[in-house]
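Each chain, written out:
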Amino acid sequence: MRPKIGIVSLGCPKNTADTEVMLGLLNEAGFPVTFDEQEADICLINTCSFIGEARKESVRTLVELAQAGKELVIAGCMAQHYKQDLLDEIPEARALIGTGDIHKVVEVITSIAQDKQIRINAVSEKPTYITEDLLPRLSTNLGPFAYLKIAEGCNHACSFCIIPQLRGKFRSRSIESLVAEAKMLVTNGAKEIILVSQDTTYYGLDIYQRQALPELLEALHEIEDLQWIRIMYAYPTEVNESLLQTIAKLPKVVKYIDIPLQHSHPQILSQMARPLNPEKVVEKIRKYVPDVRIRTTFIVGFPGETEEHFEHLLAFIKTHRFDRLGVFTYSREIEVPSGHMENQIKESVKKSRRSVLMKAQHEIATELNAKIVGDIISVLIEEYDGERDLYKGRSAWDAPQIDNQVYVKDRESTVSIGDIVAVKIDQADTYDLFGQPINAVIASVMETNLSLTK
């Protein structure tokens, strides 16, 4: 009898995609799987090790499951980061699976299930694997969307980032492979495909010797029943005119760009080994993509960040008025160059600066949302809140789990989960919108990406 495998997925959407592939492989091999760890014989934990807080969450999860008497298979970034140390320090850990080794999950779990004495370290020293096969996937999402991981690894050398060490060099999947997987995801109910990788805009440079994201978007756009295509994790220097024109012209590609800028001051950007002149890329995006919504993230408290540098960033945010914005306090990592820089900033200063930026963004977000009241927008309905008698969904300008939500009061019972609905907005707060459906489902995708009335 095969052991029941409990699944825990931590970290980013890229981890989610990996988890779903491992789930699909285990399911295909006949292993029963569960999201209730108490029912599990063996727990598979896909961990994150990007920053200190992510590692703490991963360690906390491992400790809790070990204390509950579970055997552990540790996958993902933490396995890649610490390798054999995890087996040495955690007696309950039966196996490790690296970031480039997720395709080995069935082999690993079959082996430890058959032999209670063995422990397996399936972590490649340098991750190089990238699948071109159409692997099975088992969705972990409740909503009608799916992540499509278009590449693995990263070729950039940001001074604060450990990802290239954990994920290896950038390696793209072929367009044919990605279209085949996207078709499978749509067949299984996804209305929205979200493109993810460490740097989606670098896509194709390794295998096609050119930036091929526009070609991939064109190919995905042809998939019948796919309604929205969203791009996450764009890198500033690779957001070029060709890509922006493609985004602008394809109706299914939502007018939303996620582009982590990290800072605004040239001195801090240079120390980060990040592109300079972020204002130019913001202006370019808004020039070529009408009605675009821009999401970005910034880091405060980077080593050597003075009050002048911080005020420059605050002014930059107030000037460019980003639609969606996240702020992180710098996390010191000793394995990367910034961890050894002088003038490390106190945690209290980092937190104070983050609060100032979020307060400024709170005011901006409130004003921007207020302007939508009275408009009719397209909303992808994702769930129903029975207690409040409201449907919850997202506009084309919002990514799941990180951006705004739209609450829809359906008095005529015309709305279903998975529909893209025209909603008239009659109320707004800082991060959420409230409205009522207008003539139920939008029939044409041509109408789904822009506000239907101005």
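Computed from a predicted model, the values in this text were never measured in an experiment.

Glancing now at the overall build of the protein chain. Tallying secondary structure elements over the protein chain gives 13 helices and 19 strands in all. What you see for the protein chain is a C-alpha radius of gyration of 22 Å, in line with the 22 Å of a compact globule of 454 residues. The principal-axis extent of the C-alpha atoms belonging to the protein chain is close to 65 × 55 × 50 Å. Residue burial in the protein chain is summarised as follows: out of 454 residues, 58% are buried. Working note: accessible area of the protein chain is about 19400 Å², and carbon and sulfur atoms make up 50% of it. If you average the places of the 51 positive and of the 64 negative side-chain charges in the protein chain, the two averages end up 3 Å apart.

Another aspect to go through is the pattern of salt bridges. A complete count under the given rule lists 26 salt bridges for this structure. Residue Asp18 is joined to Lys149 by a salt bridge in which the shortest nitrogen-to-oxygen separation is 2.8 Å. With a gap of 131 residues between them, Asp18 in helix α1 (residues 13-28) and Lys149 in strand β7 (residues 145-149) connect regions that are remote in the sequence. Classification of Asp18 as buried rests on a relative accessible area of 7%. The buried category is assigned to Lys149, whose relative accessible area is 8%. One salt bridge in this structure joins Arg321 and Glu367, with 2.9 Å as the shortest N-O distance. On the criterion of sequence distance, the pair formed by Arg321 in the loop between α12 (307-320) and β14 (324-329) and Glu367 in helix α13 (residues 347-370) is long-range, its members being 46 residues apart. You can call Glu367 partly exposed: its relative accessible area is 41%.

This part covers the side chain of Lys252. Mapping Lys252 onto the fold places it in the loop between α9 (241-249) and β12 (253-258). Although Lys252 is buried, it forms no salt bridge, and the closest oppositely charged side chain is Glu222 at an N-O distance of 7.3 Å. At a separation of 3.1 Å, a polar atom in the side chain of Lys252 contacts the main-chain carbonyl oxygen of Leu226.

Locating Ser124 in the fold gives a position in the loop between β6 (120-122) and β7. For the pair Ser124 and Tyr82, spaced 42 residues apart in sequence, the C-alpha separation works out to 12 Å. In this view, Ser124 contacts Gln80, Lys83, Asp101 and Lys104; residues no more than four positions away in its chain are not counted. Of note is the side chain of Ser124, whose polar atom sits 2.6 Å from the side chain of Asp101.

One finds Leu195 and Leu217 to be the most contacted residues of the largest nonpolar core, which totals 55 residues. Here the element with the most residues in this core is helix α7 (residues 175-187); it accounts for six residues. Those residues within four positions of Leu217 in sequence are excluded, and the remaining contacts are Leu195, Ile229, Ile231, Leu243, Thr246, Ile247, Leu250 and Val253. Within the second largest apolar cluster, 22 residues are counted, among which are Ile5, Leu26, Ala75 and Leu135.

Here six strands make up an open sheet; going across it, the order is β2-β1-β3-β4-β5-β6 and the pairing parallel. Looking along the sheet, the strands with just one partner apiece sit at the ends: β2 (33-34) and β6. Inspection of the sheet shows strand β5 (residues 93-97) paired to β6 by three bridges, in the parallel sense. Note on β6: the bridge partner recorded for Leu96 is Asn121.

Here the focus is the packing of aromatic side chains. Any two aromatic rings considered together are summarised by their centre-to-centre distance and by the angle between their planes. A complete count under the given rule lists ten aromatic pairs for this structure. Relative to Tyr208, the ring of Tyr203 has its centre 6.5 Å away and its plane inclined at 70 degrees; by these criteria the two rings are edge-to-face. Using a relative accessible area of 0% as the deciding quantity, one classes Tyr203 as buried. Three or more aromatic residues joined by ring pairs form one cluster here, namely Phe160, Phe302 and Tyr330. Above the plane of the ring of Phe145 lies Arg394, whose end atom (NZ or CZ) is 5.4 Å from the centre.

On to the side chain of Ser177, then. Note on placement: Ser177 falls in helix α7. In this structure Ser177 comes out as buried when scored by relative accessible area, which is 7%. Those residues in contact with Ser177, other than ones at most four positions away along the chain, are Thr131, Glu132 and Asp133.

Further remarks concern helix α8 (residues 213-221). Of all the positions in α8, only Leu213, Pro214, Leu216, Leu217, Leu220 and His221 are classed as buried. Across the axial projection of α8, the buried residues extend over an arc of 160 degrees, all falling on one side.

It is worth spelling out α13 at this point. The terminal C-alpha atoms of α13, which comprises 24 residues, lie 34 Å apart, in line with the 34 Å expected from a rise of 1.5 Å per residue. Listing the buried residues of α13 in full gives Lys350, Arg353, Leu357, Met358, Ala360, Gln361, Ile364, Ala365 and Asn369.

On to the packing of α12 against α13, then. Running from amino to carboxyl end, α12 crosses α13 at an angle of 15 degrees, the nearest separation of the two axes being 10 Å. The angle between the axes of α12 and α13 places the two elements in the roughly parallel class. Read as a crossing pair, α12 and α13 show a hand that is right-handed. Contacts between α12 and α13 involve Glu307, Phe310, Leu313, Leu314, Ile317 and Lys318 from the former and Arg353, Val356, Leu357, Ala360, Gln361 and Ile364 from the latter. Residues of the contact of α12 with α13, tallied by class, amount to eight nonpolar, one polar and three charged.

What counts and what doesn't
- Throughout this document, residue positions are counted from 1 along each chain, in the order its sequence is written.
- With the structure being a predicted model, the display of local features is reserved for residues of pLDDT at least 70 and the display and counting of side-chain atom pairs for 80 or more, all residues being used for whole-chain, interface and lining totals.
- Each side-chain value is derived from all of the structure's non-hydrogen atoms; neither hydrogens nor water enter the calculation.
- For helices the rule is a DSSP run of H or I covering at least 4 residues; for strands it is a run of E covering at least 2, with both sets numbered from the N terminus onward.
- To get the radius of gyration, use the C-alpha atoms; to get the globule rule, take the number of residues to the power 0.38 and multiply by 2.2 Å.
- When a residue's accessible area, from a 1.4 Å probe over protein chains only, is under 20% of the maximum for its type it is buried; when over 50% it is exposed; and in between it is partly exposed.
- Residue exposure ignores everything except the shown protein chains as possible cover, and the areas themselves are Shrake-Rupley values with a 1.4 Å probe.
- Neither His nor the chain ends contribute to the count of charged residues, in which Lys and Arg are positive and Asp and Glu negative.
- Charge coordinates come from a single atom per side chain, which is NZ of Lys, CZ of Arg, CG of Asp or CD of Glu.
- Between Lys or Arg on one side and Asp or Glu on the other, a salt bridge is scored when a side-chain nitrogen of the former is within 4 Å of a carboxyl oxygen of the latter.
- Pairs of N or O atoms within 3.5 Å make up the polar contacts considered here, provided that, within protein, one atom can donate a hydrogen while the other can accept it, and that residues adjacent in sequence are counted only when both atoms are side-chain atoms.
- Residue contacts are counted whenever heavy atoms from the two residues lie within 4.5 Å of one another.
- Within this scheme, the nonpolar core is defined by two criteria: the residues are buried Ala, Val, Leu, Ile, Met, Phe, Trp, Tyr or Cys, and they are joined through side-chain atoms within 4.5 Å.
- By the convention used here, strands pair only if DSSP detects at least 2 bridges between them.
- Any pair of Phe, Tyr and Trp rings, taking the six-membered ring for Trp, is counted once the centres come within 6.5 Å. Such a pair is stacked with planes under 30 degrees apart, edge-to-face with planes over 60 apart, and tilted for the rest.
- By the criterion adopted, a ring carries a charge over it if an Arg CZ or a Lys NZ lies within 6 Å of its centre and within 35 degrees of its normal.
- The arc in question is formed by the directions pointing from the helix axis toward the C-beta atoms.
- Expected span, for any helix, means 1.5 Å times one less than how many residues it has.
- For helices, the fitted axis covers only the stretch in contact; all axes are lines through C-alpha atoms, and the angles between them, taken along N-to-C directions, range from 0 to 180 degrees.
- Should an angle fall under 35 degrees it is taken as roughly parallel, and over 145 as roughly antiparallel, whereas 65 to 115 is taken as roughly perpendicular and any remaining angle as oblique.
- By the definition used in this description, the sense in which the near helix is turned from the far one sets the handedness, with an anticlockwise turn below a right angle giving left-handed and a clockwise turn giving right-handed.
- Residues are sorted three ways: Asp, Glu, Lys and Arg are charged, Ala, Val, Leu, Ile, Met, Phe, Trp, Tyr, Cys and Pro are nonpolar, and all the rest, Gly among them, are polar.

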